[in-house]
Amino acid sequence: MAAGDEQLMLAYREGDAGAFEELYRRHRGGLFRFVSRSVRERAVAEELYQEIWMRAIEARGRYEIQAKFTTWLYTIAHHRLVDHWRKKGLQVVSLDTESEFSAQPGYEPEGILQAKQGLERFARALDQLPPAQREAFLLHHEAEMSVAEIARATGSNEEAAKSRLRYATAKLKEALGDD
Amino acid sequence: MTDERDPKLQSAYRALGAEAPPRALDEKVLAASRRAIEVHPAPLVAPTGRRSWSVPLAAAAVLALAVGVTVHMQIEQPGIDGLPPASERDRPEEVAKSSPPAVKAEKPAIAAAAPPASGGELRAKPAPEAQVANPARETTANTAEAGPGTLLEREQRAPEERAKPGSDRSLARARDMATEAPAALAKRADAAAQPAAETPDRELERIADLRKQGRHDEADKALAEFRKRHPDFKIPAAMLERVERR
């Protein structure tokens, strides 16, 4: 039976480099997609992705099993994204608002224009979600987190997390013509 | 809403593609993870364990240092305030043997002439009869001998205190030093204020010698001068017989 993520992180904390390699292999894709679909620009996404792992490496000495490893890792990612948005001048309070920068006129999502029409609408809708709602959706579908885990990773309460997820789901289903 | 995922949304999301970080980025992260372990190897003993003995060790070191400094200060204290070293104070019988009472009675005068650094005043233990026959000494030592902590009493107490365990003796000595210090300073100030020549006792002895040698005129003159200088001094009867013309 494969070791759990938490045991691997503890093993890495004790100096087992192989444990980290296994952890990284398991979560590299999910975390990368979470970041790249949150910030859109590929170069920025790669930079943020690397920084998130660096922070996880630096914080290994303080790691304790208090929650799932993914919750811990995506909490680090959330904080790094919030920092990034702050630097871009986007207020954290606006994470839930509809009038944030992705919906500004002239904004053109890149990379998915060749997709089928329905998928294109879905991608566009995902891109245009307010950051907090998009984050909740990505944590739910990419990191496979429950509402409680999303609340914990984003430092909010379950009601807020549930609400964000519900709004995001409704909009994306509408984009798919499934409302 | 439950934690269940909508299958249609799930499949649409999966259809967006499975992007992955470039291999170069993977290598950077993995290299950093290995470097972190090499540079800062994880402790074999949990940090809490290390702290558990390092804190008491530091506390013990501080305590030992504090005790050492305190003992050192106690040892050095006699040299600072002019008291004799502890070794001398612990051997009063030797002091008594080497200097008879009469000689000891003269010590204050010597001490008065000499600078106060000798500390002889505090060490001198006048014989009881010398004290009775010599009220001047009482006047001189008035300040120091007033109250419960007189030198005489302290000297009488000394053997008992020396019999006590070491720590009690040290405490008693420290207490004595604290009470003696102001008195000793006062005595030294009195002595410095007096003429460096003689004490009344010594002066009377000198007059008695003159009388004994038959130099009565000189003795009369000296006695008159003495009475002029010390109008309140009551000459003991025994001494009066020796200094007055018969």
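Because the structure is predicted, anything quoted here is derived from the model rather than measured. (Residues numbered from 1 in each chain as written. Chains lettered and ligands numbered in written order. Predicted model: local features only at pLDDT ≥ 70, side-chain atom pairs only at ≥ 80, totals over all residues.)

Within chain B, the regular secondary structure consists of 15 helices and zero strands. Of all intrachain contacts in chain B linking residues separated by at least 6 positions in sequence, the fraction that spans at least 24 positions is 67%. (Helix = DSSP H or I, 4+ residues; strand = E, 2+ residues; numbered from the N terminus. Contact = placed C-beta atoms within 7 Å.)

Another point: the overall build of chain A. Counting its regular elements, chain A contains eight helices and zero strands. Residue burial in chain A is summarised as follows: out of 179 residues, 35% are buried. For chain A, the share of sequence-separated contacts (at least 6 apart) that also reach a separation of at least 24 residues comes to 62%. (Buried ≥ 20, exposed ≤ 12 C-beta atoms within 10 Å, placed from the backbone.)

This next bit is on the nonpolar core. Residues A:L31, A:V35, A:Y49, A:A77, A:A136, A:L139 and A:I150 are the most contacted members of the largest nonpolar core, which totals 48 residues. Per-element tally for this core: the top contributor is helix α2 (residues 17-39) of chain A, with nine residues. Residues from two domains meet in this core; each of domain 1 (1-89) and domain 2 (92-179) of chain A gives at least three. Leaving out residues up to four positions away in the same chain, A:V35 has contacts with A:A45, A:L48, A:Y49 and A:A77. Core analysis: the second largest hydrophobic core is formed by six residues, B:I207, B:A219, B:L223 and B:V243 among them. (Core = buried A, V, L, I, M, F, W, Y, C linked by C-beta atoms within 7 Å. Domains from an automatic or database assignment.)

As a further point, take the confidence of the model for chain A. Residues and elements named next belong to chain A. Summary statistics for chain A give a mean pLDDT of 82 and a share of 83% for residues scoring 70 or more. Element-level pLDDT for chain A is lowest in helix α5 (residues 117-128), with a mean of 82, against a maximum mean of 93 in helix α3 (residues 42-58). Contacts from residues 92-115, a stretch scored under 50 in pLDDT, to residues over four places away or in other chains number 31 contacts. (pLDDT = per-residue confidence, 0-100.)

Looking now at the interface of chain B and chain A. In many analyses, interface size is given as the accessible surface area lost on bringing the parts together. Across the contact, 27 residues belong to chain B and 34 residues belong to chain A. Broken down by element, the side of chain B that touches chain A gets its largest block of residues, ten residues, from helix α2 (residues 23-39) of chain B. Across the side of chain B that touches chain A, the residue classes break down as 17 nonpolar, two polar and eight charged. (Nonpolar A, V, L, I, M, F, W, Y, C, P; charged D, E, K, R; others polar.)

Attention now goes to the environment of A:V44. Residues and elements named next belong to chain A. Here V44 shows up in helix α3. The class for V44 is partly exposed, based on 15 C-beta atoms found within 10 Å. Between the alpha carbons of V44 and H84 there is a distance of 9.4 Å; along the sequence they are 40 residues apart.

The next subject is unusual backbone geometry. Residues and elements named next belong to chain A. Even without being glycine, E144 reaches a positive phi, approximately 55°. Relative to the elements of secondary structure, E144 occurs in the loop between α6 (131-141) and α7 (147-154). Residue class for E144 comes out partly exposed when judged on the 13 C-beta atoms lying within 10 Å of it.

All names here are of chain A. Spanning 19 residues, helix α4 (residues 69-87) covers 27 Å between terminal C-alpha atoms, matching the ideal 27 Å at 1.5 Å per step. Listed in full, the buried residues belonging to α4 are F69, T70, W72, L73, Y74, A77, H78 and L81. Summarising the contacts, the buried residues of α4 are in contact with α1 (5-13), α2, α3, α6 and α7. (Expected span 1.5 Å × (residues − 1).)

Next up on the list: the packing of α1(A) against α2(A). Residues and elements named next belong to chain A. One can describe the packing of α1 onto α2 by two numbers: an axis separation of 8 Å at closest approach and a directional angle of 140°. With respect to each other, α1 and α2 are oriented oblique. Once α1 is placed against α2, the crossing between them reads as left-handed. Between α1, through D5, L8, M9, A11 and Y12, and α2, the contact on the second element is made entirely by A19, F20, E22, L23 and R26. (Axes fitted to C-alpha atoms, helices over the stretch in contact; angles between N-to-C directions. Parallel < 35°, antiparallel > 145°, perpendicular 65-115°, else oblique. Left-handed = near helix turned anticlockwise from the far one by under 90°.)

A word on the confidence of the model for chain B. Residues and elements named next belong to chain B. When pLDDT is averaged along chain B, the result is 65; 43% of the residues meet or exceed 70. Low confidence marks residues 86-152, where pLDDT is under 50. Its contacts with residues over four positions away, or in another chain, come to 81 contacts. Counted against residues more than four places away or in other chains, residues 161-167, with its pLDDT under 50, gives five contacts. Here the prediction assigns the complex a pTM of 0.46, and the interface score ipTM is 0.76.

Between two packed helices, both the angle of their axes relative to each other and the distance between the axes serve to describe the pair. All names here are of chain A. Direction vectors running N to C along α4 and α7 enclose 45°, while the axes themselves pass 8 Å from each other. Classified by the interaxial angle, the pair formed by α4 and α7 is oblique. The two elements α4 and α7 meet at a crossing, and its hand is right-handed. Together, T71, Y74, T75 and H78 of α4 and E149, R152, A153 and T154 of α7 make up the contact between the two elements. When grouped by side-chain class, the residues that make up the contact of α4 with α7 number two nonpolar, four polar and two charged.

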